[in-house]
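Understanding the architecture of this molecule
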Amino acid sequence: MNTPPATTRRPPGLRRFLTGRPPAPERCELCAADVGESDHRHLVDTERRALACACTPCALLMERPGAAAGRFRAVPSRYLTDPEHRLDDRAWEALQIPVGVAFLFRNAALDRLVALYPSPAGATESELDPATWTDVLGGSRLAALLEPDVEALLLRRAEGRCHLVPIDVCYELVGRMRLLWQGFDGGAEARAALDAFFDDVVRRARPVGGTGDA
């Protein structure tokens, strides 16, 4: 799944982060049922390489192996972290990501890992050498659990930590940063939103190795 360019249609569930207007009522993109905040799920459309909004029943249906011939995959809700795995400055420099936040996911169709980071223009791809990925993160417990297309490894240099998160929250972060970004470094409001976002990730994340990892 590649990030859509700024001119293409974005999932309605993320649109509230890209405009100042209240979001219009949202509907499931499979069955057209109204979708409220409490039952709002996302699917990865592997053909369009995009996120789609879904109601809970449709998302549960897409969790079944082979549903929709594999076109749609439900985004899971798990957040994991590995307290024993740290990313020092040397590891970050080896990844050659030019900013302090990035997320990496495995694109099943392309059969490769994709590294993206937030920017004023949206999600920007960073070239990632497969050997470097293997050296830095490939042997980690979180990398072994990562589900293609629907989950990502979320990195923040200031923390030196890696979290396994649903892919849709990464694009939520991209939308927030694009909306709030000011000046060269993003500005105080964007930095505050970034801190709040990672505070929420840390609050949700469970240490890897528990019974809920699968």
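Residue numbering note: each chain is counted from 1, following its sequence as written. Per-residue local features of the predicted model are confined to residues with pLDDT of at least 70, and side-chain atom pairs are confined, for both listing and counting, to 80 or more; whole-chain, interface and lining totals are unaffected and use all residues. Heavy atoms from the whole structure form the basis of all side-chain values; hydrogens and water molecules are not counted.

We now examine the overall build of the chain. Numbering of helices and strands runs from the N terminus, with a helix taken as a DSSP run of H or I at least four residues long and a strand as a DSSP run of E at least two residues long. Of regular secondary structure, the chain possesses seven helices and 12 strands. Only protein chains enter the accessibility calculation, which uses a 1.4 Å probe; a residue is then buried when its area is under 20% of its type maximum, exposed when over 50%, and partly exposed in between. Evaluated residue by residue, the chain yields a buried proportion of 47% over its 214 residues. Across the chain, the fraction of contacts at a sequence separation of at least 24, relative to all contacts at a separation of at least 6, is 62%. All accessible areas in this document rest on Shrake-Rupley with a 1.4 Å probe, and a residue is counted as covered only by the protein chains that are shown. Surface summary for the chain: the accessible area is close to 10,900 Å², and the carbon and sulfur share equals 52%. By the convention used here, residues are in contact when the closest approach between their heavy atoms is within 4.5 Å.

Next up on the list: helix H7 (residues 187-204). One less than the number of residues in a helix, times 1.5 Å, gives the span that helix is expected to have. A rise of 1.5 Å per residue sets the reference length of H7, with its 18 residues, at 26 Å; its end C-alpha atoms lie 26 Å apart and thus fit the reference within 8%. Taken residue by residue, H7 has Gly 187, Ala 190, Ala 193, Leu 194, Phe 197, Phe 198 and Val 201 as its buried positions. Seen from one end, H7 has its buried residues packed into an arc of 130 degrees, which puts them on one side. Opposite its buried face, H7 presents the exposed residues Ala 188, Asp 199 and Arg 203, each directed more than 90 degrees away. Considering only its buried residues, H7 is in contact with strand E7 (101-107), strand E10 (151-156), strand E11 (161-166) and helix H6 (167-180). Relevant arc is that of directions from the helix axis to the C-beta atoms, nothing else.

Every residue gets a pLDDT, meaning the predictor's confidence in that residue, from 0 to 100. In the predicted model, the chain carries a mean pLDDT of 85, and 87% of its residues have values of at least 70. In the model, residues 1-10 has pLDDT below 50 throughout and makes 23 contacts with residues more than four positions away in sequence or in other chains.

In this section: the environment of Leu 153. If you trace the backbone, Leu 153 turns up in strand E10. On the basis of relative accessibility, which here comes to 0%, the residue Leu 153 falls in the buried class. When the C-alpha atoms of Leu 153 and Val 165 are compared, they prove to be 6.4 Å apart, with 12 residues separating the residues in sequence. Contact partners of Leu 153, with chain neighbours within four places excluded, come to Ala 102, Phe 103, Leu 104, Trp 133, Leu 142, Ala 143, Leu 146, Cys 162, His 163 and Leu 164.

On to the packing of aromatic side chains, then. Stacked, edge-to-face and tilted are the three classes for Phe, Tyr and Trp ring pairs, Trp counted by its six-membered ring, which pair at centre distances within 6.5 Å; planes under 30 degrees apart are stacked, over 60 edge-to-face, the rest tilted. Under the counting rule described, the total for this entry stands at two aromatic pairs. A centroid spacing of 5.4 Å and a plane angle of 80 degrees characterise the contact between Phe 103 and Tyr 171, whose relative ring orientation is edge-to-face. Taken together, the residues span a long stretch of sequence, with Phe 103 in strand E7 and Tyr 171 in helix H6 at a distance of 68 residues. Judged on exposure class, the residue Phe 103 and its partner Tyr 171 are both buried. Taking 5.5 Å as the distance between ring centres and 80 degrees as the angle between the ring planes, the aromatic pair formed by Phe 197 and Phe 198 counts as edge-to-face.

A positive phi angle, near 70 degrees, is found at Ala 32, a position not held by glycine. By secondary structure assignment, the location of Ala 32 is in the loop between strand E1 (26-27) and strand E2 (34-35). Judged by its relative accessible area of 41%, Ala 32 falls in the partly exposed class. One non-glycine residue, Ala 69, lies in the positive phi region at around 55 degrees. Here Ala 69 is to be found in the loop between helix H2 (56-62) and strand E5 (72-74).

What follows deals with the packing of H6 against H7. Look at H6 against H7: their axes get within 9 Å of each other, and the N-to-C directions meet at 165 degrees. On the basis of their axis angle, the class for H6 and H7 is roughly antiparallel. Along this stretch, H6 crosses H7, giving a crossing that reads as right-handed. Note on element contacts: H7 touches H6 through Glu 189, Ala 190, Ala 193, Leu 194, Phe 197 and Phe 198, opposite Val 169, Leu 173, Arg 176, Met 177 and Leu 180. Axis geometry follows a simple rule: fit a line to the C-alpha atoms, using only the stretch in contact for helices, then measure angles between N-to-C directions, giving values from 0 to 180 degrees. Roughly parallel means an angle under 35 degrees; roughly antiparallel means over 145; roughly perpendicular covers 65 to 115; every other angle is labelled oblique. Take the far helix as the reference: if the near one is turned anticlockwise from it by less than a right angle, the crossing is left-handed, and if turned clockwise, right-handed.

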